[in-house]
Amino acid sequence: MCARRRRVVSSRCATVVALAGVATACGEARSRSTDVHTTEALRLANLHAFARLYGVVRWFHPSDAAAGADWDQIAMDGVHAVSDAPDVSALRARIERLIAPIAPTVRMALNGQEPEDAPALHPRNTAGLEVVAWQHEGFGDTVLPAGGYVSKRLHRDREVLAGDADAAFLALSQAVDAAPYRGGQIRLRGKLRVASHAQGRLWLRVENAQHTTFFENMEHRPVLDPHWRDVEIVAPVAADATRIVFGIIRKGRGRSWYDDLDLAAQGKDGRWTSIAISDRGFESGDPLQAWRPGVGRAGQEMTTAGWQVILDHADPATGQAALRIAPEMKLITSELFSRTPAGGETAELDLGRGLRARVPIALYSSQHHTLGDALATSSASSEPGPIGDGFDVSRGVADVIVVWNVFQHFWPYWDLVDAHWSDALDAALRTAWTDRSVDQHVATLERLLAAAPDGHVQVSCVGETERMGAPVAFTMAEGAVVVIASEDASVARGDVVEAIDGRPIEAELASLERQVSGSPQLRRVLALYRLGLGAPGSEVRLRVRRAGQALDVKLHRAELEGRTPPRFAAIERLPDGVYYVDLERVSMTEIDATIQALAAAPGIVFDLRQRPRADLDRLLSHLLVAPDTTLFEHIPRILRPDSASHPAEWKSSGDQLPVLAPHLPGKIAFLIGPETVSYAESLAGHVAYHKLGALIGSPTAGVNGSVAMIATPSGCSVRFTAARVTRPDGGRFHLIGIQPTIAVAPTIAGVAAGRDEVLERGLAYVRATGN
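Parameters at a glance
- Residues numbered from 1 in each chain as written.
- Predicted model: local features only at pLDDT ≥ 70, side-chain atom pairs only at ≥ 80, totals over all residues.
- Heavy atoms only, no water.
- Helix = DSSP H or I, 4+ residues; strand = E, 2+ residues; numbered from the N terminus.
- Rg over C-alpha atoms; globule rule 2.2 N^0.38 Å.
- Buried < 20%, exposed > 50% of the residue type's maximum accessible area, 1.4 Å probe, protein only.
- Contact = heavy atoms within 4.5 Å.
- Areas by Shrake-Rupley, 256 points an atom, 1.4 Å probe, with all protein chains shown as cover.
- Pairing = 2+ DSSP bridges.
- Expected span 1.5 Å × (residues − 1).
- Polar contact = N/O pair within 3.5 Å; in protein donor to acceptor, adjacent residues only side chain to side chain.
- Axes fitted to C-alpha atoms, helices over the stretch in contact; angles between N-to-C directions.
- pLDDT = per-residue confidence, 0-100.
- Arc of directions from axis to C-beta.
- Disulfide = S-S within 2.5 Å.
- Salt bridge = Lys/Arg side-chain N within 4 Å of Asp/Glu carboxyl O.

Looking now at the overall build of the chain. When helices and strands are tallied, the chain shows 15 helices and 38 strands. A compact globule built from 771 residues should have a C-alpha radius of gyration of about 28 Å, and the chain, at 29 Å, falls within 12% of that. Buried positions account for 53% of the 771 residues belonging to the chain. Once local pairs closer than 6 in sequence are excluded, the contacts in the chain between residues at least 24 apart make up 72%. Accessible surface, the chain as shown: approximately 33,300 Å² in total, 50% of it carbon and sulfur.

What follows is the structure in structure tokens.
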């Protein structure tokens, strides 16, 4: 009996032994199991309490000390301080000790008691005192200058990024002819260092006449060190390569330095030979003579507006100077808007475990010092070591706390979604504590953000493993996953995928959809892009069905150079005079050059199924018969925690499009689908509202609005939407998107035949007589 029972539970005992670290018998293992679960639950409750308080104090408590604190360090210190607090009294004491130097007017209480007010909240005489409180227009701590987001305290100046949307990043580059190096390898090297939370990166691109054959920008391995570091990028040069472009890329805050850039080619003997480039050591008087800003999607040359690009002679790697790049900053002195909280106003927080907090969100100030504050300007850190073996778990947990709070207080769509955001925090804290690699940490952040559906969400972390899929592109047709393009002869266009790496395709697709954020239609697209991702060069197995027969094929993961070749030129006049215009590939300059011919066309099909290359507002002006005055983007003006979807007021804006000649009187169709995202949806929204043409295809992605970027304690970047977008008529847009007036979806037979059924329907529409 005893032996049989021990055999039945032996695997369970082993699991408990692994968790608890000790156990010699099943009974002892059960006791240890209870202890482990109790410890895990206690740690989770402690971290949840700290997380809930952290965001409110960081972004809404207006003390001068808090404004000058290192909040990334406080997040990590808090993880260390509270994770093993044995009871609620110890938890309270540890939190109070952590925040007292920066927020001494915050009060906490236990067991249903009400926190008291700090005396400084109610001075006897307020004459001559100023009220200091945070005003937020969107998420003002974004590390991108785009979007118009800014935060400032009343009666306090604040330095912010000076650039606009065009200054979101800076790329400086040179280019050389690729022909002499075809079939070989090219290498870019340089010396980099950074300061003030910046990231330093080089970039290298190899092109042929049609597209890019190689691109690397060190996104997942930037330089983060204040000391000079050697970096390199190595790339194959395709047999048909025409140009090699290389240089420096920057985005976000902080300063970065570059020196001794070297481009080299590998000979047949394996030796590297440097290629002559201009000003490789940045020793000239003007680095911008040799290193030019990159070219944007619209084909126009970018500028250095919003950036300081100078030679620095203080600490070059070699020679007399290095290149220094930093974003331009500006000082905001005026208040953002008129509404303010009352002096002494507080936010009441239930932190769980019977612990409550009262956080002042408006303090009185005298002689430029908020009343009740200590003189300290930051929390005292004990410089604790990392939790975990190799991967710093404390930073990972701190990332979760920061990201969760930014969404909690600044994401403007909470009233439109059924999200259990508090539960999502607990789930993310739980998995973050067990993460032991950057890839696991990225997955934790992505699962957290999938609970707040936002198609702009993108997580990027330093040290992520590079992944590639099979050299195959997939689409959905008739409810099945179908191959739409393949660079491997064993897989054909039109093959229906039934399994990938032995897992049914339906289960794999559903799992991937749960990992990404956004509308159902966009999640499906993003999941299709992620199918089969793995280590470059590794094997991926597909089971496909072709002509009723199941086939098992093995492929090796590699970058897919192109999904499908374009059917027409970017602007093409068809034999009957109808025009096709691909808004992904065309520039507004090219449209302007063709506008008279377009005005004479009997019909035009504008392809809006991919991201437009250019700012195309002017195109719509040639379709309008009356000016557009709609307001559809709304930035929340936030004064209080948890109020982004019902803020103090909204700051609304729109495109305000004029009418331009010549008018395009022909029959108009716009092709749309789930990859019609963001700015493309602004265009589609105007088409729908002003009835500028037929919308043909399927619903758009349902995500629009200027993005903001969160910089986390571990160096990850998280992008999200910080403005609320409606339809031009004020109706709901988020997650719904713009609906087609003529619904068309691809068929399996159509994909197999290489047809573009949405395009065919668009052409048929503009060619038909009548409506």
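Back to the text.
Okay, the sheet that holds strand 13 (residues 292-293) next. Read across the sheet, five strands follow the order 8-7-10-5-13 without closing on themselves; strand pairing throughout is antiparallel. In this open sheet, the two edge strands, each paired with only one partner strand, are strand 8 (212-216) and strand 13. Where strand 7 (residues 201-207) lies against strand 8, four bridges are found, and the strand directions are antiparallel. The residue of strand 8 that forms the bridge with V206 is F214.

On to helix 4 (residues 71-82). Structurally, the α-helix is built with 3.6 residues per turn, so residues lying three or four positions apart point the same way. The end-to-end C-alpha distance of helix 4, which contains 12 residues, comes to 16 Å, matching closely the 16 Å that a straight helix rising 1.5 Å per residue would cover. The element helix 4 is extensively covered by neighbouring structure, given that nine of its 12 residues are classed as buried. Within helix 4, burial applies to W71, D72, I74, A75, M76, D77, G78, V79 and V82. In this structure D70 caps helix 4, since a side-chain oxygen of it lies 3.3 Å from the backbone nitrogen of D72.

Right, let's talk about the sheet that holds strand 1 (residues 107-110) for a bit. The strand order 1-18-17 describes an open sheet built from three strands, whose pairing is antiparallel. Single-partner strands in this sheet number two, and they are strand 1 and strand 17 (346-352). Between one strand axis and the next, the sheet turns through 20° on average, direction left out of account. The pairing of strand 17 with strand 18 (residues 355-360) spans six bridges and is classified as antiparallel. For D350, the partnering residue across the bridge sits in strand 18 and is R356.

In the predicted model, the chain carries a mean pLDDT of 90, and the fraction of residues at 70 or more is 91%. Scored below 50 in pLDDT, residues 1-26 shows 17 contacts in the model against residues more than four places distant or in partner chains.

Our next topic: helix 5 (residues 88-99). When the terminal C-alpha atoms of helix 5 are compared, their 17 Å separation across 12 residues agrees well with the 16 Å that a helix rising 1.5 Å per residue should span. All of the buried residues along helix 5 are V88, A90, L91, I95, L98 and I99. The buried side chains of helix 5 occupy one side of the element, clustering within an arc of 155° when seen end-on. N-cap assignment for helix 5: the residue whose side-chain oxygen lies 3.1 Å from the backbone N of S89 is D87.

Further remarks concern the state of the cysteines. Applying the stated criterion across every chain yields a total of one disulfide. Shown here is the disulfide that connects C461 with C716, its sulfur atoms set 2.1 Å apart. Linking C461 and C716, the disulfide has an S-S dihedral of approximately 115° and is accordingly described as right-handed. Taken as a pair, C461 in the loop between strand 21 (458-460) and strand 22 (472-477) and C716 in the loop between strand 35 (707-711) and strand 36 (717-721) lie far apart in primary sequence, 255 residues in all. Here the two residues C461 and C716 agree in accessibility, since each one is buried.

Here the focus is the environment of G603. Inspection of the secondary structure assignment puts G603 in strand 30 (residues 603-607). G603 sits in the buried class, given a relative accessible area of 0%. The sequence separation of G603 and H227 amounts to 376 residues, and the corresponding C-alpha distance is 60 Å. Once residues within four sequence positions are removed from consideration, G603 is found in contact with V578, Y579, G666, K667 and V766.

Attention now goes to the pairing of strand 31 (residues 633-638). The buried fraction of strand 31 amounts to six of the six residues, a majority that puts the element mostly inside the structure. Where burial is concerned, the two faces of strand 31 agree: the one with E633, I635 and R637 and the one with H634, P636 and I638 are both buried. Sheet topology places strand 2 (residues 130-137) next to strand 31; two bridges connect them, and they run antiparallel. Bridged to E137 within strand 31 is R637. Of the pairings in the sheet, the one linking strand 31 to strand 37 (residues 724-725) comprises two bridges and is antiparallel in character.

Relative to the helices and strands, S517 is located in the loop between helix 9 (505-515) and helix 10 (520-530). The exposure class of S517 is buried, given its relative accessible area of 6%. A distance of 3.0 Å separates a polar atom in the side chain of S517 from the backbone oxygen of A452. Within the local environment of S517, its side chain forms a polar contact with the backbone nitrogen of D454, the two atoms lying 2.7 Å apart. Leave out the neighbours within four places in its chain, and S517 touches L449, A450, A452, P453, D454, G455, V457, R523 and L526.

Assignment of secondary structure puts I332 in strand 16 (residues 329-332). Distance in space between the C-alpha atoms of I332 and K152 is 7.9 Å, their sequence separation being 180 residues. Aside from chain neighbours lying at most four places away, what touches I332 is V150, K152, R156, D157, R158 and V160.

A full pass over the atoms with the stated rule returns 42 salt bridges. A salt bridge links E207 to R243; the shortest N-O distance between them is 3.1 Å. In this pair, E207 is assigned in strand 7 and R243 in strand 10 (residues 243-251), connecting sequence segments 36 residues apart. Between D392 and R395 there is a salt bridge whose closest N-O contact spans 3.4 Å.

Bringing unusual backbone geometry into the picture now. The amide bond that connects A661 to the next residue, P662, takes the cis arrangement and shows omega of 0°. Relative to the elements of secondary structure, P662 occurs in the loop between strand 32 (649-653) and strand 33 (667-672). Look at D501: it is not a glycine, yet its phi comes out positive at around 50°. Topologically, D501 is positioned in the loop between strand 24 (496-500) and strand 25 (503-504). Judged by its relative accessible area of 34%, D501 is partly exposed. The phi angle at L735 is positive, at roughly 70°, despite the residue not being glycine. Within the element layout of this structure, L735 appears in the loop between strand 37 and strand 38 (742-743).

Residue position: M108 is located in strand 1. In this structure M108 comes out as buried when scored by relative accessible area, which is 4%. The spatial distance from the C-alpha of M108 to the C-alpha of L355 is 7.1 Å, given a sequence separation of 247 residues. Every residue in contact with M108, bar those within four places of it in the chain, is listed here: R92, I95, E96, P115, L351, L355, R356 and A357.

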